[in-house]
Amino acid sequence: MTKTPAPKSGILDIAPYVGGKSKIDGVAEPIKLSSNENPLGAGEKAREAYLGAIDYLNLYPEGRASRLRQAVAEKHAIEPERLVFGNGSDEVFTLLNQVYLTPGDNIVTGQYGFLAYRISAKANQAEVRLAPEPNLKCDVDALLELVDERTRLVYVSNPANPTGSWNTAEEIRRLHGALSDSVLLVIDEAYAEFVVEPDWQSTIDLARTATNIIVTRTFSKIHGLAALRVGWGYCPLPVAEAVDRVRLPFNNNIPGQEAALAALFDDEHVEKSRALVLQWRPRLAQAIKGFGFEVFPSAGNFLLVRFPDAKRNAQAADAFLHSRGIIVRPVGGYGLTDCLRMTVGTDDENRALLDALSEFAAS
Ligand SMILES: Cc1ncc(COP(=O)(O)O)c(C=O)c1O
């Protein structure tokens, strides 16, 4: 009998990424608060642009996403040639890991750092080093403690998923200042548009003159285009040029490029999406705390809720919410087995969530 060839070493040790659930048996339209998506959907302008792309389905996309590149560069006052576009920002992390990691190298991230950084690091036979996050927040000293001569990339999501915590501009500056030039510091700003904390600042400014900082952003969250997979990284020019050599030539499809371009200029939709989160995030937090559960401070479009009670625990809460047609996100994959992550939804969805949690607390 022949044997199927084995994948290269380490691949089968990678736990497959499990996305947020989207279905409940017997429920036609569940309330999906499990993937930090935009509950308002895509804006009108992006939808029109997407539909307009139907006439170009026979064509290969423009490989450098030139119009989108120019528009993003203008919006953020950054150099277009320093941008790398990915099939979601997830792909930018994957590409960076592919370009910079050789077997035996390592990446450093926080204990609760976004899982996507780790998967492709392992696929490149690199070690993943997780720094303790004692207060569910990335700790600069703990990260630095793990950095050694084999560290090629340090990943920080700011704000962080799934904790919702953020690092101050001062902390990021200190982290960068302590790293040698040979280490790339990746700051993932997928949730940047939802931050109001005055001590937070985008790292884009610091990245302008640095030789080793990459800042990533996505069209999946505030712009509501998760399905189309468009994200970007602002890189030092040599990094962008290196990544471009291995990037698939057509990694951003035409409908994605067109919709993202339109979304970028849809200020009304951005404002509406932001306002919804800013209005509900504190309201949800306060109400959920009132039910006796712990809510961690969040700068994202979601809340991390802890269920400390042995009986009314996270698993029971998850099952109860399911029975009410609501899907949230268990975060046991991050070791947070007593927590659930809940995306801020529409007015009606948030009310339904609060009603269900209130009922669960009283059960
Ligand atoms: C911290 C963080 N970074 C990146 C992403 C992925 O974004 P994209 O859809 O652009 O791949 C997510 C998605 O949930 C996220 O939570």
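Residues numbered from 1 in each chain as written. Predicted model: local features only at pLDDT ≥ 70, side-chain atom pairs only at ≥ 80, totals over all residues. Heavy atoms only, no water.

Enquirer: Help me out: how do you make sense of the packing of helix H2 (residues 66-76) against helix H9 (residues 254-264) in this one?
Expert: It is at 9 Å that the axes of H2 and H9 come closest, and there the two elements cross at 25°. Our classification of the angle between H2 and H9 gives roughly parallel. As H2 runs across H9, the sense of the crossing is left-handed. Of the residues in H9, those in contact with Arg67, Leu68, Ala71, Val72 and Lys75 of H2 are Gln257, Glu258, Ala260, Leu261 and Leu264. A per-class count over the contact of H2 with H9 returns six nonpolar, one polar and three charged. (Axes fitted to C-alpha atoms, helices over the stretch in contact; angles between N-to-C directions. Helix = DSSP H or I, 4+ residues; strand = E, 2+ residues; numbered from the N terminus. Parallel < 35°, antiparallel > 145°, perpendicular 65-115°, else oblique. Left-handed = near helix turned anticlockwise from the far one by under 90°. Contact = heavy atoms within 4.5 Å. Nonpolar A, V, L, I, M, F, W, Y, C, P; charged D, E, K, R; others polar.)

Enquirer: Teacher, can you tell me more about the packing of helix H10 (residues 267-290) against helix H12 (residues 347-362) here?
Expert: When two helices pack together, their arrangement is captured by the angle between the axes and the distance separating the axes. Packing of H10 against H12 brings their axes to within 11 Å, and their N-to-C directions diverge by 5°. Taken together, H10 and H12 sit at an angle that is classed as roughly parallel. Where H10 abuts H12, its residues Leu276, Trp280, Leu284, Ala287 and Ile288 lie against Asp347, Asn350, Arg351, Leu353, Leu354 and Leu357. Residues of the contact of H10 with H12, tallied by class, amount to eight nonpolar, one polar and two charged.

Enquirer: What's the story with the sheet that holds strand E10 (residues 302-306) in this structure? I'm lost.
Expert: The strands making up a sheet associate through hydrogen bonds between their backbones, and the pairing can be parallel or antiparallel. Strand order across the open sheet formed by four strands is E9-E10-E13-E12, with antiparallel pairing between neighbours. Each edge of the sheet is formed by a strand with only one pairing partner; in this case those strands are strand E9 (294-295) and strand E12 (329-331). Inspection of the sheet shows E10 paired to strand E13 (residues 336-343) by five bridges, in the antiparallel sense. Paired with leucine 303 across the strands is methionine 342, a residue of E13. (Pairing = 2+ DSSP bridges.)

Enquirer: Whenever I open this one, the pattern of salt bridges confuses me. Can you help?
Expert: If you walk through the whole model with that rule in mind, you get 23 salt bridges. Two residues, arginine 229 and aspartate 90, come together in a salt bridge whose shortest N-O distance is 3.9 Å. Of this pair, arginine 229 sits in the loop between strand E7 (213-218) and strand E8 (230-234) while aspartate 90 sits in helix H3 (residues 89-100), placing them 139 residues apart in sequence. The partly exposed category is assigned to aspartate 90, whose relative accessible area is 31%. Here glutamate 171 makes a salt bridge to lysine 137, at a shortest N to O gap of 2.9 Å. (Salt bridge = Lys/Arg side-chain N within 4 Å of Asp/Glu carboxyl O. Buried < 20%, exposed > 50% of the residue type's maximum accessible area, 1.4 Å probe, protein only.)

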